[in-house]
Amino acid sequence: MHEYFRHLDYLPHGYCILDQDMKVCYWNRSLELWSTLDRSMVEGVNIRVICPKLGNGSYKMRFENALKSRIPVVFSAQIHGHLIPCKGEDDKMQVHQTYVVPLDETYSAIVVENVTKNFNVLSRYRELVNKLSIAEQEAVQAEQTKSRFLANMSHEIRTPLNGIIGFCEDIVADDDLKEDHRNLLNMVIDCGKNLGVIINDVLDYSKLEASKVTLDPKPCSIHRCMEMIIEFHRKSNTNRDVTLEFNSSVDESVWLEIDDVRLSQVMGNLISNALKFTKSGLVTVTLSIEDTVSRRDLFLTVKDTGIGMTDEQVNRLFQPFEQADTSTTRNFGGTGLGLAIIKAFLDLMEAEVSVDSTPGKGTEFTLRMPCKESDVQAKTDSSNSISIASIAESREFSGIKILVAEDNLTNRMLIERQLQRLAVTCEFAVNGHEAVQFVKENSYDLVLMDCQMPIMDGYEATRAIRLLEINQPLIVALTANVLKEEVDLCHESGMDAVLSKPLPIKELAKFLQKLSHQNKKQAS
């Protein structure tokens, strides 16, 4: 019989052959190695003596059923206390899969497969997956913590900054102000707005890093959009030795489906840089559209006669926190984030950017992006035609009841002064809970709702107000953070519109005009 089974010695698995009485007929070399039991010690011995587990419990029933039914049975892999005792040097590291296989009416086989390597690979894989899962959770938590920190930092910085800008703008509007004082205050305003740009850069870069920025294309007259950007930079350009020109081959009647906010941010950054790095000469912005067989492309170029850059500097240009060289920051300021943000926006727009620059002669940026013409034209914004002085004189809004929910004293004072310029009075709530109580007890036409307040924030307060069985007021969010995510959150909570801080008085006048007309219709 040994001769019949001896070929089993050359197989990698362990084989134990049993007769009808469940006595061991053959014990191959692999089992000798794993169990350290010589075949002479086990042959003729009942398997239940060698493997006590087969004599009791669930193993006994499964073993006996396999022998009776002549159907193979698989026993689970055992890490410790194997079905067949294994006492090799690496016993603790061995994992064996055991099978009971009836061979014929006389013999059955217990097959032991060493699956230690497979088990170890699977264990390491599970351990790696677990570590990756933990790392992912920690990364998400860290990103959320960073986002909360940046949002809070932004709010804490913008609150006093908006107060500075708002009060300065209010004083500058005074006709009796001395001209030199007006100039000084305008410098303060410009400094405040520059600080706001830096804050926006940090927030934008953080959101781009987390892939949280999306495009919001809508109908836009590209010529008119560029004219507004150019006009803004002409007014803000204090260097009279630099001329800003705009050349366009695109008619005002051409409307495109485009994210005009992000495009304005891109072009504004490039134009601002061109003006900043050009001591004297010319900055030229060119707009054109080119049609090919397969697509329509929008081309925008910004060319200056400024300091220029070397090829090495151009190669580093779109890296975050990078500028042409270290002296650039000392001489011209900036975070070095602007162009990295611009490049990320252009990637979202599927746009290409090329740079041609010569030291001492100037730089030319060329943008090429796919565009789609729009059949829909947006209504022209008439807010700039509103005369604040005439509104105040006519007392057009005097009958409108306004509640302002704002926790910051400086902001309350500023909003009150701005409303006074429109000949409007208001009441104040210092948190969201108080605002809800005021609305329950009084009838308001308009609620100006700060988003970040103690006890109850503006979002929760708005949701609570919308559940009240009252004549619902118009609720307008006041926020220092007008990013798309913030605006979406305002609308989701039930707010009708969003205004940025410091409060844009002409935008507010538009809402008040709308309310005034509604009130007059109801009265008639």
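Before reading on, note that the structure itself is shown above.
The sections below set out a description of the structure shown in this document. Throughout this description, residue numbers start from 1 for each chain and increase along the sequence as written. Note on the predicted model: pLDDT of at least 70 is required for a residue's local features to be given, and 80 or more for side-chain atom pairs to be given and counted; whole-chain, interface and lining totals, by contrast, use all residues. Calculation of side-chain values draws on the structure's entire complement of heavy atoms; hydrogens and water are dropped beforehand.

A look at the overall build of the protein
If you tally the helices and strands in the protein, you get 18 helices and 17 strands. The classification of residues rests on relative accessible area computed with a 1.4 Å probe and restricted to protein chains. Under 20% of the type maximum is buried, over 50% is exposed, and intermediate values are partly exposed. Buried positions account for 42% of the 524 residues belonging to the protein. The accessible surface values rely on the Shrake-Rupley method and a 1.4 Å probe; as for residues, cover is taken only from the protein chains in view. Carbon together with sulfur atoms contributes 52% to the accessible area of the protein, which is approximately 28,800 Å² in total. Secondary structure elements are taken from DSSP: a helix is a run of H or I of four residues or more, a strand is a run of E of two residues or more, and numbering for both begins at the N terminus.

Here's the deal with the sheet that holds strand E16 (residues 474–479)
Strand order in the open sheet made by the five strands is E14-E13-E15-E16-E17, with parallel pairing throughout. In this open sheet, the two strands that pair with only one neighbour each are strand E14 (427–429) and strand E17 (497–500). Strand-to-strand, the axes of this sheet are offset by a mean angle of 25 degrees, without reference to chain direction. Any two strands with at least two DSSP bridges between them are considered paired. In this structure, strand E15 (residues 446–450) lies alongside E16, joined through five bridges in parallel fashion. The residue of E16 that forms the bridge with Met449 is Ala477. Here helix H15 (residues 432–441) sits on the sheet in contact with strand E13 (402–405), E14 and E15, set at roughly 135 degrees to E14. Here, residues are in contact when the closest pair of their heavy atoms is within 4.5 Å. Fitted lines through C-alpha atoms serve as axes, helices being fitted only where they are in contact, and the angles separating the N-to-C directions of these axes extend from 0 to 180 degrees. Helix-sheet contacts for helix H16 (residues 458–466) involve E15 and E16, and the interaxial angle to E15 is about 150 degrees.

Considerations on helix H5 (residues 57–69)
For a helix, the expected span equals 1.5 Å multiplied by the number of residues minus one. A rise of 1.5 Å per residue sets the reference length of H5, with its 13 residues, at 18 Å; its end C-alpha atoms lie 19 Å apart and thus fit the reference within 8%. By the burial criterion, the buried members of H5 are Tyr59, Phe63, Ala66 and Leu67. End-on view of H5: buried residues confined to an arc of 95 degrees, all on one side of the axis. Facing away from the buried surface of H5 by more than 90 degrees, the exposed residues are Gly57, Met61 and Lys68. Immediately beyond the C-terminal end of H5, within one or two residues, lies Arg70, with a positive phi of roughly 60 degrees. As used here, the arc belongs to the directions running from the helix axis to the C-beta atoms.

With respect to the packing of H15 against H16
Between H15 and H16, the least distance of the axes is 8 Å, while the angle of their chain directions is 20 degrees. As far as their axial angle goes, H16 and H15 are roughly parallel. Crossing geometry of H15 relative to H16 is assigned as right-handed. Touching Gly432, Val436 and Val439 of H15 are Ala461, Ala464 and Ile465, all from H16. Roughly parallel means an angle under 35 degrees; roughly antiparallel means over 145; roughly perpendicular covers 65 to 115; every other angle is labelled oblique. What makes a crossing left-handed is the near helix being turned counterclockwise from the far one by less than a right angle; a clockwise turn instead makes it right-handed.

A short note on the pairing of strand E9 (residues 281–291)
In this structure, strand E7 (residues 242–248) lies alongside E9, joined through seven bridges in parallel fashion. Along E9, the bridge assignment pairs Phe246 with Val285. The turn joining E9 and strand E10 (residues 296–304), which pair antiparallel and follow one another in sequence, is formed by four residues.

Considerations on the packing of aromatic side chains
For Phe, Tyr and Trp, where Trp contributes only its six-membered ring, two rings pair if their centres lie within 6.5 Å, and the inter-plane angle classes them as stacked under 30 degrees, edge-to-face over 60, or tilted in between. In the structure shown here, the tally under the stated rule is two aromatic pairs. Judged by centre distance (5.8 Å) and plane angle (80 degrees), the rings of Phe5 and Tyr107 are edge-to-face. Taken as a pair, Phe5 in helix H1 (residues 2–5) and Tyr107 in the loop between strand E4 (96–102) and strand E5 (108–114) lie far apart in primary sequence, 102 residues in all. For the pair formed by Phe5 and Tyr107, the shared burial category is buried. Among the aromatic side chains, those forming a connected cluster through ring pairs are Phe5, Tyr26 and Tyr107.

Comments concerning the sheet that holds strand E12 (residues 362–370)
Reading across from one edge, E7-E9-E10-E12-E11 is the order of the five strands in this open sheet, with mixed pairing throughout. This sheet does not close on itself; its edge strands, each paired only once, are E7 and strand E11 (352–358). With strand direction ignored, the average angle separating the axes of adjacent strands in the sheet is 10 degrees. Together, E7, E9 and E10 form the strand contacts of helix H8 (residues 222–236), whose direction differs from that of E7 by roughly 175 degrees. Packed on one face of the sheet, helix H9 (residues 260–276) meets E7, E9, E10 and E12 and runs near 20 degrees to E10.

Focus: unusual backbone geometry
Even without glycine at this site, Met22 takes up a positive phi of about 65 degrees. Positionally, Met22 belongs in the loop between strand E1 (14–18) and strand E2 (24–27). Taking relative accessible area as the criterion, Met22 reaches 14% and is therefore assigned buried. Although it is not a glycine, Ala423 adopts a positive phi angle of roughly 60 degrees.

Side note on the side chain of Arg182
Mapping Arg182 onto the fold places it in helix H7 (residues 179–209). Among residues more than four places away in sequence, those in contact with Arg182 are Val172, Asp174, Asp175 and Leu177.

Quick word on the pairing of E13
What you see with E13 is no split at all: Ile402 and Val404 on one side and Leu403 and Ala405 on the other are buried throughout. Where E13 and E15 come together, four bridges link them in parallel fashion. Each bridged residue has a counterpart across the sheet, and for Ala405 the counterpart in E15 is Met449. Strand direction decides the pairing type here: E13 and E14, joined by three bridges, are parallel. Of the residues in E14, the one forming a bridge with Val404 is Phe428.

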